[in-house]
Amino acid sequence: MLYRRALYRELTQNALGVMTALLAIVLTVQFVRLLGLAAVGKLASDAVFITMAFQLVQTLPVFLTITLFVAILMSFLRGWRDQEMPVWAAAGMSPLDWLRPVLTFSLPVVIVIGLLTLLVSPRALQLSETYEAQLESRDDRSQIAAGTFRESGGGKAVFFVENYSLLGDKASRIFIRTRDGQAHGVTVSALGFQHQASNGDRFLTLSKGQRFETLADNAGSQLLKFDSYSVRMRTKEAARPEHTLRGMTTRALLQESSRQHQAELQWRLSVPLSALVLALLAVPLASYNPRSGRGWNVLIALLIYLLYVNVLSVALTLVVQGKWALWPGLWGIHLVALLVWAWLIIKQYGGVSALQARLRKETA
């Protein structure tokens with residue numbers, strides 16, 4: 001029908017606009033934050049975009065939920081503002097008649113949210129944890145970045161390279177400070193390069209430099225000048241990542257019976273369910289009297305969204321801590337939200353009796 005095609009078109013346009021704005025804001029903030037970590041040496045520069053991708057996949061269900069809720073709210077708010085909804089009501093359209101097109105538009109998005117939450121996001125978190133473990137296990141060579149101080153060996157060495165070229169692993173103007181117990185050493189060199197011995201060990205060879213050493217127990221100090229000075233670079237064994245509860249697969253959660261695992265499973269199922277409930281709530285929340293202004297409706301819709309999401313998070317924490325029963329658990333929150341939706345729909349009809357009369361008229 002005409003009203004459905006127009007609604008689908010408007011919902012799609014609003015959803016694309018909201019999603020684009022959300023991604024632009026969040027990706028920009030994440031990029032700046034990760035770039036700042038890379039600048040101070042807390043994150044490898046080549047790991048910025050990969051880390052962004054992992055974080056995006058994990059937060060995508062939240063973005064899609066917000067997008068669905070805001071897109072439906074914006075579409076129906078515009079309809080009430082332009083007096084389209086009263087016209088459709090005069091033509092025989094009731095509030096429940098909008099339920100089918102809204103569900104038709106929302107269900108594919110909800111299914112995608114469910115797949116992301118149940119399958120993709122846990123896998124992305126596992127890969128992220130594995131990747132972080134690999135970053136921590138990389139040797140000193142992989143941590144070199146021009147213009148930044150880097151720690152190595154758990155703080156036993158600090159090095160600074162002014163210029164570094166990946167081609168040939170050449171560096172210039174190198175500063176290295178080492179600590180071994182009470183002994184300290186500072187090495188500076190004009191040039192340096194890396195090479196690998198036949199047994200597989202990697203060495204950093206410095207040329208045209210000097211080293212100042214302070215001996216242990218205040219036994220004195222010495223200054224050494226060298227034309228060539230080689231240091232074997234530390235290598236680390238790859239750390240085995242410990243996957244968190246949120247990184248477990250949904251199949252693994254189904255095989256566990258502990259409170260923590262069951263609460264996590266409820267949360268994963270609650271994410272797509274909450275998206276569907278919010279999509280339904282957006283329809284009656286958008287209705288307003290043009291003479292009273294639409295600002296209050298937007299504020300109330302925002303408060304209901306924040307209340308719904310935060311209560312779910314608090315309930316999850318209480319269930320994990322054993323302060324809230326595992327059943328009904330999070331399902332009671334969804335039931336209350338559905339009752340609020342039913343009350344808003346009944347209010348739009350003008351009361352229970354008016355709704356019953358309308359339903360009898362439609363079935364007659």
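Residues numbered from 1 in each chain as written. Predicted model: local features only at pLDDT ≥ 70, side-chain atom pairs only at ≥ 80, totals over all residues. Heavy atoms only, no water.

A. Seen up close, the overall build of the protein. When helices and strands are tallied, the protein shows nine helices and six strands. Buried residues in the protein amount to 38% of all 364 residues. Once local pairs closer than 6 in sequence are excluded, the contacts in the protein between residues at least 24 apart make up 58%. Here the protein displays about 20900 Å² of accessible surface, and carbon together with sulfur accounts for 63% of that area. (Helix = DSSP H or I, 4+ residues; strand = E, 2+ residues; numbered from the N terminus. Buried < 20%, exposed > 50% of the residue type's maximum accessible area, 1.4 Å probe, protein only. Contact = heavy atoms within 4.5 Å. Areas by Shrake-Rupley, 256 points an atom, 1.4 Å probe, with all protein chains shown as cover.)

B. Just the packing of aromatic side chains, in detail. The tally for this structure, following the rule as stated, stands at seven aromatic pairs. On the numbers, 6.3 Å between centres and 85° between planes, the contact of Trp 88 with Trp 98 is edge-to-face. Linking Trp 88 in helix α3 (residues 84-90) with Trp 98 in the loop between α3 and α4 (99-136), this pair joins segments that are ten residues apart in sequence. On the basis of relative accessibility, which here comes to 27%, the residue Trp 88 falls in the partly exposed class. A relative accessible area of 7% means that Trp 98 is categorised as buried. (Phe/Tyr/Trp six-rings, centres within 6.5 Å; stacked < 30°, edge-to-face > 60°.)

C. Fine view of the pattern of salt bridges. This model, assessed by the stated rule, comprises six salt bridges. In this structure, Asp 82 engages Arg 81 in a salt bridge whose closest nitrogen and oxygen atoms are separated by 3.1 Å. Through salt bridges with shared partners, a single network forms among Glu 10, Arg 78, Arg 81, Asp 82 and Glu 84. (Salt bridge = Lys/Arg side-chain N within 4 Å of Asp/Glu carboxyl O.)

D. Geometry of the pairing of strand β3 (residues 170-180). Here ten bridges tie β3 to strand β4 (residues 183-196), and the two strands are oriented antiparallel to one another. Looking at β4, one finds that Ala 171 is bridged to Gly 192. (Pairing = 2+ DSSP bridges.)

E. How the structure looks around the packing of helix α1 (residues 2-39) against helix α2 (residues 48-81). Contact geometry for α1 and α2: axes closest at 7 Å, N-to-C directions at 150°. Considering only the axes of α1 and α2, their crossing is right-handed. Looking at the contact of α1 with α2 residue by residue, the classes come out as 25 nonpolar, six polar and three charged. (Axes fitted to C-alpha atoms, helices over the stretch in contact; angles between N-to-C directions. Left-handed = near helix turned anticlockwise from the far one by under 90°. Nonpolar A, V, L, I, M, F, W, Y, C, P; charged D, E, K, R; others polar.)

F. Summary view of the environment of Leu 299. Tracing the backbone through its elements, the reader meets Leu 299 in helix α7 (residues 295-321). Taking the C-alpha atoms as reference points, Leu 299 and Leu 285, separated by 14 residues in sequence, lie 10.0 Å from one another.

G. Representation of the nonpolar core within the structure. Phe 69, Ile 72, Leu 73, Phe 76 and Trp 98 are the most contacted members of the largest nonpolar core, which totals 53 residues. When residues of this core are traced back to their parent elements, those giving at least two are α1, α2, α4, α6 (259-285), α7 and α8 (331-349). The biggest single contributor to this core is α6, with twelve residues. Contacts of Leu 73, omitting those with residues within four sequence positions, involve Ala 282, Leu 285, Ala 286 and Ala 301. Leu 34, Ala 38, Met 52 and Tyr 131 belong to the second-largest nonpolar core, a separate cluster that totals nine residues. (Core = buried A, V, L, I, M, F, W, Y, C linked by side-chain atoms within 4.5 Å.)

H. Inspection of the confidence of the model for the protein at higher detail. With 85% of its residues at a pLDDT of 70 or more, the protein has an overall mean of 83. The spread of mean pLDDT over the elements of the protein runs between strand β1 (residues 149-152), the lowest at 70, and α6, the highest at 94. (pLDDT = per-residue confidence, 0-100.)

I. Molecular detail of the environment of Val 32. By secondary structure assignment, the location of Val 32 is in helix α1. Its relative accessible area of 54% is what places Val 32 among the exposed residues. Along the primary structure Val 32 and Val 48 are separated by 16 residues, whereas in three dimensions their C-alpha atoms are 9.9 Å apart.

J. Summary view of the packing of α2 against α6. Remark: α2 packs on α6, axes separated minimally by 8 Å, with the N-to-C direction vectors making an angle of 15°. As far as their axial angle goes, α6 and α2 are roughly parallel. The crossing of α2 and α6 is right-handed. On α6, the residues touching Pro 61, Thr 65, Leu 68, Phe 69, Ile 72, Leu 73 and Phe 76 of α2 are Val 271, Ala 275, Leu 278, Ala 279, Ala 282, Val 283 and Leu 285. Taken together, the residues of the contact of α2 with α6 sort by class into 13 nonpolar, one polar and no charged. (Parallel < 35°, antiparallel > 145°, perpendicular 65-115°, else oblique.)

K. Looking closely at the side chain of Arg 211. Position of Arg 211 among the secondary structure elements: in strand β5 (residues 202-214). A distance of 2.6 Å separates the side chain of Arg 211 from the side chain of Glu 213, its partner in a polar contact. In this structure, Arg 211 is in contact with Thr 178, Gly 185, Val 186, Thr 187, Gln 222, Leu 223, Leu 224, Phe 226 and Tyr 229, ignoring residues within four places of it in sequence. (Polar contact = N/O pair within 3.5 Å; in protein donor to acceptor, adjacent residues only side chain to side chain.)

L. Inspection of α6 at higher detail. Its axis deflected by about 30° at Ser 270, α6 carries its strongest bend there, up to four residues before the proline Pro 272. Across the 27 residues of α6, 22 count as buried, placing the element largely inside the fold. (Bend = angle between axes of the 7 residues up to and from the residue.)

M. A look at the pairing of β4. The loop that links β3 with its antiparallel partner β4 comprises two residues; one of these, Gly 181, has a positive phi angle of about 70°. Strand direction decides the pairing type here: β4 and β5, joined by twelve bridges, are antiparallel. Bridge assignment links Leu 191 to a residue of β5, and that residue is Ser 207.

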